[in-house]
Structures are given as structure tokens and as C-alpha cells.
Amino acid sequence: MSAARLGRVGDETDEDLSDLAGARVGRGPADHDLPLDVRRRVGGPAQPAVVVEAVLDALPSPTLLIDAGGTVLLANTAWEKAAEVLGDERVRFGVDGDYFAMASRLTGDDSTATLVDQLRELSRGERSSVQADYALESPSGTRWIHLQASRVDRAGQVVVTHTDVTSRVAAERASDWRARHDTLTELPNRAHLHELIDTELQRHDRGPVSVLFLDIDGFKEVNDSLGHDVGDDLLRQVAARLTGSTRAGDTVGRLGGDEFVVLCRDCDTTGAEALADRCRASIDRPFELGGRLVRLGASIGIATAAASGPAPVRSTDLVRDADLAMYAAKAAGRNRVRLFTADLRAAAQHRATVASELRDAVEDGQLVLHYQPVVHLPSGRCTGVEALIRWQHPRRGLLAPADFLPIAVQHDLMGVIARWVLHTATRQTAAWAAVGLNLVTAVNTSATHVAAGTLVADVQEALAHSGLPPEQLVVEMAERSVAEDVERAAAQFAELRRSGVEVSIDDFGSGFSSLGQLVAMPTGLLKIDRSLVAYPEGRRSQAAAAIAAVVALAGACGVRTHAGGVETAEQLELATELGCTFAQGFHLARPMPAEEVAGWLAGYAGQPATALF
């Protein structure tokens, strides 16, 4: 009696009906089996049949006793009541009714034919039981029925019990839905997305399949400034806009955080680019968040699997490729669309290799520090150095920071590298001081180090192990990194300065500065970005005006200035004229190994440096 067959929902709590028929009626020798007991209409003893009827009638679930041909021999009261509740004439029958015909009338599909065949096999003793779950479409709605049948005698009579499991099926379906969907946006989640993509990729004679990988530019800032509730509202709005921008056959899902994926069926690269442009345009429209209008963007990567071919494609590969393209879009300036290329995969593999080698490099002593002298402009003396990391790669030679630090950030290696730099630089500075060379050493830190909350503890540990006075250490952080978490950076910088360690804002004027941040940030040094110091030819007056403004601003805040990237005598002269306190750059000295510093200082100043930053 089915409209559609699902297969078993689960084990029932009903007693095994074969045991019920045998134990409650009383199983005995063959000549006392049930078939002889229920033939009231054809003669024979009737008392046992009354007992069977009473037992079946006591069962809470609608139950029938049928013969080998499907004719109903007994129907309990629960069956009759169920027929009344369902209001379906197709199941309103009793003794002498044809159960098999009734089942066929309900649907007549293959699952019903299979059920009838199984019941016949059960009647012949070829099966021990039959169990199945079916959906019954009735005037009162869809009901899920668990059917359980057992053979009760050698003549092939079968007891069939029907238990309404609609509530349980609904709960299981709801649980399954929750397991496969994101609770915030109600979109397919990561696991379900991969299932859907794999299903589409495996479809016979499919067309091209494209995947869009979207990351919302500026989401973190919304979350941090307006709160997580507003961030959740933003994600729901983004989900709605993306769903409204895609085609009817596409699927939008959320991987997690602010990352979304769109599965585009039968969609080539050209179509995917058009779809990505629509999605990006939808995100470009202002969002109403927390009572204000907020503009955001989306970086989108596209990967396409060609129409069915001999080489299998997996969802993990396609999503990974789209993810790589998305990161390329971010690197190109955000709010862009990029297509996946084989070069992106090769670059990703290279980064993974470098990351693995970099982990070993820290342990194997392959990292080294070079030191670039810093000159105190009013006196013309070298008073300090900046520690700059290098990697002495066993095959590739000496690598600059740009060749490996971005990879270190992506693979969460900055913490261990930053601690190594602190310990190495402070030990070296203490060693110089022990031979009468008093220098202040500046070390760079990163936004990830500040975000981890261990900067102060790591600095204090390095100073304690080396014995270096805190006044001989400067901690530098790039301006754009400070801007990522101003409050956390300010708190840690203030604690460092209270301990005697100086703090410097690096690359000031590179485009992310805020006067409010400068006033709020506890710093004693501003390192002017080389883009201002190393001005283009013919732009001296403009550069001078910019540098003068920074020097005046810093002076008003009680902060000294440091001109970085000085590459010519003219640039050094300008920095000196405009009142910068310190300068460094290739015109003065290139970074050098620690063992060369003392010799350079002797040649530059004629005597050891004594002044401190």
C-alpha cells in the first residue's frame, strides 16, 4: 500500500508477529497449527479462531491476517479505525477483501509489485519476514507506514501489521535536513555541497560544470565593528542576494564564515563569468546593517569542469581550484573575478612545499638575521640596527623575506618565527653590548603575533633569556597591521612601553593611516614609508611637503620620526632638513650579517656607537 518506497526507517518496538501468533495462540504440533483454527467459513473447530481474533484485535496497530493469495481472513479493530481516520475508501475493507489488489490500487508502481512478491515468498516459507516503509498519500495528507509481516503457519497464512511512523519519519527528515544545511542561512552546508557537486559531476552525459567560490570583502570589519548579530544578518542578506542572482538550476551554499559556493550546472566558463558578475553586482549594492548603509565587495574565483570526459573530476578538486582563483582575485585588489589556471595550482603546490621546508628550516637553523644600520641624523652617528630575517635555503641560496614570510602567514608559522627573531636579535644585541658596542635593535612583528595576544610575553621572555635591557629593543609593526586590530595592538604596545621597550609604527603614510589611530596608539617612533622618502624624479617639493607634514604631526604627538628607504644623498639631505630623527637605507648601508656590523661601524663612525634611539 505505497505511493513511494523509502526502505526501512528503523527497527520497530512492536513484538515479533511470528512469535505473537505462535506464543499467544499457542504453538503446537502440526495438526494444531493456525490454518486449521481459522477456517470458520469452511468448517472445523472454531474456538481457537476466536482466540486468534481476540489476540489480533488487542494489537494497537492496524493488523490483518491474510492467506497465500492475499485474501483477508481477519482484520482487527485498529485497522477499521485507521480506515475511518484516513478517510480513504481504498483501504476501507475487511474480511474477504483482496489485500494484494488493494495495494496495487493505491499505486500500482514497482515498489508495490515488489512488496506483493515478497509477501508471496513469505507465505511459501522462502523468507523469514518482510519489513518496509511506505508513504501513503491520503486525503488527510502523506502518512508514513511501517509494514511488518510474518508467516504464522505451514499453510502460508501471514500476519501483516501497519504502524504509523509519520512523526518519526518527519523528525528524521528534519534531523537529516539540519545535518545537510547551514542553520544561519538555510543554504546547503559544506558536506552537502560536495555531495551535490559530486552527483552532478558523475551524471551521465552531463554538460560543463562550474563552481564559483565567493569571499565577502570587508566582512571581518563589519563583525568587529558592529557585532556578530549584525554579521549574521549580513550573511543572511548575502545568501538571499546570491540566490536571487543565480539561475533556477544553480545551487548556492555556504562553506562557513563569509565563504559561499555556487554550483552552476550545464554552465561553461563564459556563462560562469556572467553569473559571477551578477553575483558581484548584487553584493556591490549597499547593505542596511545596524541602522546604517554599508558597502562591501566580493572576491570570486571560478573553476570549470568540461563536459563529461574520460578523466574523473572530484568536487574537492573543483572547489579547491575555485578557492585558489578567489585568492588570486583578492591578491589582485579584491572585489574582482578570476578564472582558475594551472599556474595557480602550481603556485599553490610550491607554497605548500615551501611551508613544509620552512617548518624544518626553523628547527634546522637555516634562518639567519641580517642587520641594517640606523643613523641618528642630528649627530650623524649610527645608534642602532634593524634585524631583518633571511632564509639560507640549502638549494635556493639566501632568500629575502618576501620569498617566504607570506607563506609563513598562510600556514600559521609567524608565531614561531617571531619568537625565534626576538630571541636571536636580543642575544646578538647583548653580545655586542658585552664588547662595548651599545646598539638599539629593532625587530618586526606582525598582526598575527598581536592577534595571538602573546607579543608582550614573548618579548619579556626574550629579554630575560638574553639579559638585554628593555631600552635597547624596539618593536616595529607595519601601519596596515596596526589598523587590523587597533585596540588590541594599542593595549600590548602600551604594556611594552611601560616596561621600557620602545614601539615603532612602520611604513607610516603607505595609505592606511588614520590620525585618530596615531593619537590613540602608544608609540614613540613613526617610520616614514619609503614611498614618501624615495620620491620620483621631479616630485621633490611634493615629497618634502608630505614628509614635513608627518614630522610636524609626529612632533605634536611627542613622537620621533624615522626615514626609511633612503637610497640617495639627496633623499638623506631632505630627511635631515625636514627634521627626521633617524634614517636608514641602501645609501647608508645594506643589511649585513652580524659579524660584519662591528667592522662597518668602525669604518663609518671611527668609534663605537654610544647613543641610543
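Residues numbered from 1 in each chain as written. Predicted model: local features only at pLDDT ≥ 70, side-chain atom pairs only at ≥ 80, totals over all residues. Heavy atoms only, no water.

Here's the deal with the overall build of the chain
- When its secondary structure is counted, the chain shows 24 helices and 23 strands.
- Taken across its 613 residues, the chain has 48% of its residues classed as buried.
- The contacts in the chain between residues at least 6 apart in sequence include a share of 65% that link residues at least 24 apart.
- Carbon and sulfur atoms form 51% of the exposed surface of the chain, whose accessible area is close to 28100 Å². (Helix = DSSP H or I, 4+ residues; strand = E, 2+ residues; numbered from the N terminus. Buried < 20%, exposed > 50% of the residue type's maximum accessible area, 1.4 Å probe, protein only. Contact = heavy atoms within 4.5 Å. Areas by Shrake-Rupley, 256 points an atom, 1.4 Å probe, with all protein chains shown as cover.)

Some remarks on the packing of aromatic side chains
- Using the criterion set out here, one finds five aromatic pairs in the structure.
- Between Trp79 and Phe93 the ring centres are 5.7 Å apart and the planes differ by 75 degrees, which places this aromatic pair in the edge-to-face class. Note that Trp79 is positioned in helix α4 (residues 77-86) and Phe93 in the loop between α4 and α5 (99-106), a separation of 14 residues in sequence. Comparing Trp79 with Phe93 shows no difference in burial state: the two are buried.
- Plain terms: the ring middles of Trp600 and Tyr604 are 4.8 Å apart, the flat faces sit at 10 degrees to each other, and that makes the pair stacked. Residue Trp600 and its partner Tyr604 are both found in helix α24 (residues 594-605); the two are separated by four residues, about one turn of the helix. (Phe/Tyr/Trp six-rings, centres within 6.5 Å; stacked < 30°, edge-to-face > 60°.)

What about the sheet that holds strand β13 (residues 337-339)?
- The five strands lie next to each other as β8-β9-β7-β12-β13, forming an open sheet whose pairing is mixed. Strands with a single pairing partner mark the edges of an open sheet, and in this sheet they are β8 (251-256) and β13. Going from strand to strand, the sheet's axes swing by 20 degrees on average, the running direction of each strand aside.
- In the packing of helix α10 (residues 228-245) onto the sheet, contacts are made with β7 (209-217), β8 and β9 (259-264), and the angle to β9 comes to roughly 15 degrees. (Pairing = 2+ DSSP bridges. Axes fitted to C-alpha atoms, helices over the stretch in contact; angles between N-to-C directions.)

Remarks on the nonpolar core
- Core analysis: the largest hydrophobic core is formed by 78 residues, its most contacted members being Leu358, Leu367, Tyr371, Ile417, Val459, Phe493 and Leu496.
- Ranked by residue count, the leading element in this core is helix α15 (residues 414-434), at eight residues.
- Among the nonpolar cores identified, the runner-up in size contains 31 residues, and Cys267, Ile283, Phe287 and Leu296 belong to it. (Core = buried A, V, L, I, M, F, W, Y, C linked by side-chain atoms within 4.5 Å.)

Remarks on the pairing of strand β2 (residues 63-66)
- Both faces of β2 are covered, namely the face carrying Thr63 and Leu65 and the face carrying Leu64 and Ile66.
- Across four bridges, β2 lies against strand β6 (residues 158-164) in antiparallel orientation. For Ile66, the partnering residue across the bridge sits in β6 and is Val158.
- Here β2 runs beside strand β3 (residues 72-75); their pairing, made up of three bridges, is antiparallel. Residue pairing across strands places Ile66 opposite Val72, the latter belonging to β3.
- Here β2 folds back onto β3 in antiparallel fashion, the turn holding five residues, of which Gly70 has a positive phi close to 95 degrees.

Nothing here speaks to function; it is all geometry.
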